[in-house]
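# A closer look at the structure
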Amino acid sequence: MPAKDSMDRRLRLSGVLVITGLLIEALCLVWSKPIAFVVLVCIGGALIGLGVLLFLYSLVSASPHPTDSSGAAPER
Amino acid sequence: MSTIAVVILVLFSAALAAAIVVRPAITVNRAGKILAFGVLFFLPLFSLAVGTENEMERSKSTSFCLSCHIMDSYGRSLHIDDPSYLAAAHFQNHRVPADEACYTCHTNYAMFGTFKAKLGGLRHLYIYYLGKPPLPQDITLYKPFNNRECLHCHLGARSFEQGATHNADPATLPAIKANTLSCISSGCHDTVHNVGRWGDKVKFWDGGS
């Protein structure tokens, strides 16, 4: 099922971006240097933001469930 | 929230996100979809917000400011054993919170003061990493120190309002309050950090944090 594979791939990529961003954030929180704040916001924040956006995109771009389509059989 | 708690929250969020990465098929049913929304939308944004807030709070700390080598001598100036050194007298006598000493005096007590202080911090970083940082003794304020920052605490205090020097001339006190006579650059309290001009006779107080 290519649609499902595509959804899984997007979810995986979204997860990887979020995880990378979160790990960078965790490192910045224990790294007591002023540059850590910039790294947290600019790199960690950007990766988390990209991951979240990709997740939202994967939701809106998912193919609709067959029973939700307008072509469903009319009630009798 | 303490830094440790935030780190645990962040790692917990990452671990849950890893579960989605390893088995995206768990999002097929309704519970899995709700989990995915929490793990890939709500938790990362919440962790980012909490982490950023934590860093913002930490950036107010004295230790944070002094973690740049260029600020070493300014940190040492807080321990000078001489009450005529304004910064040292404030730090050692807890006229400012010792753990937020730099921020307390160098922030702007007008609207958006904290925001402007953070922008100033980013400018410091830019100069430190990408520009040409000056020698510690050559560091100057971007703008002249505004009396407003002193008056935030001292206005209305008896020692300020009824001080002999402040009242020697009836025009002095109004001029200070109007910021036309500077507290620190008009020959009154002009020994602040004095980095680079300490000489050999200066002594250091070894107490405090």
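The model shown is predicted, which means the values in this text are computed figures rather than measured ones. (Residues numbered from 1 in each chain as written. Chains lettered and ligands numbered in written order. Predicted model: local features only at pLDDT ≥ 70, side-chain atom pairs only at ≥ 80, totals over all residues.)

### Re the overall build of chain A
Looking only at helices and strands, one finds two helices and zero strands in chain A. Looking at chain A as a whole, 33% of its 76 residues are labelled buried. Taking the contacts inside chain A whose residues are at least 6 apart along the sequence as the reference set, 68% of them involve residues at least 24 apart. (Helix = DSSP H or I, 4+ residues; strand = E, 2+ residues; numbered from the N terminus. Buried ≥ 20, exposed ≤ 12 C-beta atoms within 10 Å, placed from the backbone. Contact = placed C-beta atoms within 7 Å.)

### Looking at the overall build of chain B
The number of helices and strands found in chain B is eleven helices and zero strands. Along its sequence from the N terminus, chain B presents helices and strands in the succession α-α-α-α-α-α-α-α-α-α-α. For 209 residues, the compact-globule estimate of 2.2 N^0.38 gives 17 Å, and chain B exceeds it by more than 25% at 24 Å. A principal-axis box enclosing the C-alpha atoms of chain B has dimensions of 80 × 40 × 35 Å. (Rg over C-alpha atoms; globule rule 2.2 N^0.38 Å.)

### Topic: helix α2 (residues 30–58) of chain B
Residue and element names in this part refer to chain B. In this model, α2 (29 residues) spans 40 Å end to end at C-alpha, consistent with the 42 Å of a helix rising 1.5 Å per residue. Roughly 35° is the biggest bend found in α2, and it falls at glycine 38. Buried within α2 are the following residues: Ala36, Val39, Leu40, Leu43, Pro44, Ser47, Leu48, Gly51, Asn54 and Glu55. (Expected span 1.5 Å × (residues − 1). Bend = angle between axes of the 7 residues up to and from the residue.)

### Concerning the domain arrangement of chain B
Along its sequence, chain B is organised into domain 1 (3–58) and domain 2 (62–145). Here the C-alpha centre of domain 2 of chain B lies 36 Å away from the C-alpha centre of domain 1 of chain B. (Domains from an automatic or database assignment.)

### With respect to the confidence of the model for chain A
Chain-level pLDDT for chain A is 83 on average; 78% of the residues reach the 70-or-more range. Predicted confidence is poor over residues 69–76 of chain A, with pLDDT under 50, and the contacts of this stretch with residues over four places away or in other chains come to two contacts. (pLDDT = per-residue confidence, 0-100.)

### Some remarks on the interface of chain B and chain A
If you look at the interface, chain B gives 31 residues, while chain A gives 28 residues. Counting only elements with at least two residues in the side of chain B that touches chain A, the list comes to α1 (3–22), α2 and α7 (113–130) of chain B.

### As for the packing of helix α2 (residues 34–60) of chain A against α7 of chain B
The description of two helices packed together rests on the angle between their axes and the distance between the axes. Contact geometry for α2 of chain A and α7 of chain B: axes closest at 10 Å, N-to-C directions at 105°. Between α2 of chain A and α7 of chain B, the crossing angle belongs to the class labelled roughly perpendicular. Here Pro34, Ile35 and Val38 of chain A of α2 of chain A come into contact with α7 of chain B, specifically with Gly121, Leu125 and Tyr129 of chain B. (Axes fitted to C-alpha atoms, helices over the stretch in contact; angles between N-to-C directions. Parallel < 35°, antiparallel > 145°, perpendicular 65-115°, else oblique.)

### Remarks on the nonpolar core
The biggest cluster of nonpolar side chains holds 28 residues, and the ones touching the most others in it are Val18 and Leu22 of chain A together with Val10, Ala17, Val39 and Leu40 of chain B. Contributing elements (two or more residues each) for this core: α1 (2–30) and α2 of chain A together with α1 and α2 of chain B. In terms of residues, this core owes the most to one element, α1 of chain A, which gives nine residues. Ignoring any residue separated from it by four or fewer positions in sequence, one finds valine 18 of chain A in contact with Ile48, Gly51 and Val52 of chain A together with Ala17, Leu40 and Pro44 of chain B. (Core = buried A, V, L, I, M, F, W, Y, C linked by C-beta atoms within 7 Å.)

### A look at the environment of cysteine 105 of chain B
Residue and element names in this part refer to chain B. One can find cysteine 105 in helix α6 (residues 101–106). According to the C-beta neighbour criterion, cysteine 105 is partly exposed, with 19 such atoms within 10 Å. Residues cysteine 105 and glycine 199, 94 residues apart in the sequence, show an inter-C-alpha distance of 25 Å. Once you skip the residues sitting within four places of it in the chain, cysteine 105 turns out to touch Val96 and Glu149.

### Quick look at the packing of α2 of chain A against α2 of chain B
Two elements in contact, α2 of chain A and α2 of chain B, have axes whose closest approach is 10 Å; the angle formed by their N-to-C orientations is 165°. In terms of axis orientation, α2 of chain A runs roughly antiparallel to α2 of chain B. When you trace α2 of chain A past α2 of chain B, the crossing you get is left-handed. Touching Phe37, Leu40, Val41, Gly45, Ile48, Gly51, Val52 and Phe55 of chain A of α2 of chain A are Leu40, Phe41, Pro44, Leu45, Leu48, Gly51, Thr52 and Glu55 of chain B, all from α2 of chain B. Of the residues belonging to the contact of α2 of chain A with α2 of chain B, the class tally is eleven nonpolar, four polar and one charged. (Left-handed = near helix turned anticlockwise from the far one by under 90°. Nonpolar A, V, L, I, M, F, W, Y, C, P; charged D, E, K, R; others polar.)

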